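Secondary and tertiary structure notes
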Amino acid sequence: MKCDKCSAPAVLFQKYSGLHLCKKHFAADVEKKIKKELRKERIEGTLAVALSGGKDSAVTLSVLSDLLPRQGIEIIAVTIDEGISGYRDKAIESAAELVTKLGVRWEMASFEEYFGVRIDAVQERPCSLCGILRRSLLNRLAKTVGASALATGHNLDDEAQTVLMNYLRGDTGRLLRLGSPAKKGLVRRVKPLKYIPEKEVALYAILKGIPINLDECKFSAGVFRAEVRDVLNEVESRHPGTKYALIRGVERILQLTHREPFELGQCARCGEPAVASLCQTCEVLDKIQPKNRDAAP
Ligand code: SF4
């Protein structure tokens, strides 16, 4: 097949747009979508980029470290080591290779050092507890390096899964919080890959020779998100554009919905932002290690 924009061989057929794209026009399409998201975000000063070593965060860091320093924005890669043997250590090797290649400043923090836990040692629901601790530590690390915003590698598939999971759980509170402005104590999140399908992110990384780790975390299998991902992929294959429509649908609902502004309080134990007397991180740590929770993390 030939590219619909030139006569070069196509590397991809985008079912949702009906276009065949060659390597050059596919890369341009990905970068155009990222630039569009960045323009909406008006980033200034220092931007922290969450770098796990996987394809999404590696592509985010590669494209942003090419675009933003030209506009006077400093990029700092931040990595969290959750303590998952055989997975995170390999991903950190890929991350190290990438930051060296790009010449980007890199900061790392581990659950062990901040919270005294390794996810390997958690018996019940390690994945959902890990997600809460990771969000919290990424926020702390971004604040520590003085970042005005934190970019994450969430792609179109991740975002559509989150929307559908919230619908299926009837969790309207979380749905309405999607895209709400950052609260005091929380570093603003930006998602430059929000409208790029996961497969295209992987293809971009491969075509550009970006070092990535493609292993899957052993704790991800069997979680609700994995079931939702399979359902969505099935529907998307028969009805191209479904994932995009899910996200746009929620964005339209949010525009039409009057949301009362709310401020976060402070966790009574660690002082981090919290909706209740204890923040989610301290609640999670109480579940994991109830006997050792007298001191602040
Ligand atoms: Fe943590 Fe779950 Fe991600 Fe594994 S899949 S790193 S357990 S959040």
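Now for a quick tour of the structure. (Residues numbered from 1 in each chain as written. Predicted model: local features only at pLDDT ≥ 70, side-chain atom pairs only at ≥ 80, totals over all residues. Heavy atoms only, no water.)

**Structural notes on the overall build of the protein**
Each helix and strand counted, the protein has eleven helices and nine strands in total. Scaling as 2.2 N^0.38, a compact globule of 297 residues should have a C-alpha radius of gyration of about 19 Å, and the protein matches this with 20 Å. With respect to the principal axes defined by its C-alpha atoms, the protein has extents near 65 × 45 × 40 Å. By the burial criterion, 45% of the 297 residues in the protein qualify as buried. Restricting to contacts in the protein with at least 6 residues of sequence separation, those with at least 24 account for 73%. Per element, the accessible surface of the protein, about 15600 Å² overall, is 52% carbon and sulfur. Averaging the positions of the 47 positive and the 38 negative side-chain charges in the protein gives two centres separated by 5 Å. (Helix = DSSP H or I, 4+ residues; strand = E, 2+ residues; numbered from the N terminus. Rg over C-alpha atoms; globule rule 2.2 N^0.38 Å. Buried < 20%, exposed > 50% of the residue type's maximum accessible area, 1.4 Å probe, protein only. Contact = heavy atoms within 4.5 Å. Areas by Shrake-Rupley, 256 points an atom, 1.4 Å probe, with all protein chains shown as cover. Lys, Arg positive; Asp, Glu negative; His and termini not counted. Charge placed at Lys NZ, Arg CZ, Asp CG, Glu CD.)

**Section: the packing of helix α2 (residues 55–67) against helix α8 (residues 198–207)**
At a minimum axis separation of 9 Å, α2 and α8 run at an interaxial angle of 60°. By the angle class used here, α2 and α8 are oblique. Note on packing geometry: the crossing formed by α2 with α8 is left-handed. Counted together, K55, D56, V59 and V63 of α2 and E198, V201, A202, Y204 and A205 of α8 form the full contact between these two elements. The residue inventory of the contact of α2 with α8, partitioned by class, reads six nonpolar, no polar and three charged. (Axes fitted to C-alpha atoms, helices over the stretch in contact; angles between N-to-C directions. Parallel < 35°, antiparallel > 145°, perpendicular 65-115°, else oblique. Left-handed = near helix turned anticlockwise from the far one by under 90°. Nonpolar A, V, L, I, M, F, W, Y, C, P; charged D, E, K, R; others polar.)

**Things to note about the sheet that holds strand β6 (residues 149–151)**
Reading across the sheet, the five strands line up as β5-β4-β3-β6-β7 and stay open at both edges, with parallel pairing between neighbours. Either end of the sheet is taken by a strand with one partner, and the two such strands are β5 (105–110) and β7 (188–190). Strand-to-strand twist of the sheet, defined as the mean angle between neighbouring strand axes without regard to direction, takes the value 30°. Strand direction decides the pairing type here: strand β3 (residues 46–50) and β6, joined by three bridges, are parallel. Paired with L47 across the strands is A149, a residue of β6. Where helix α5 (residues 126–144) meets the sheet, its contacts fall on β3, β4 (74–81), β5, β6 and β7, and the angle it forms with β4 comes to roughly 145°. (Pairing = 2+ DSSP bridges.)

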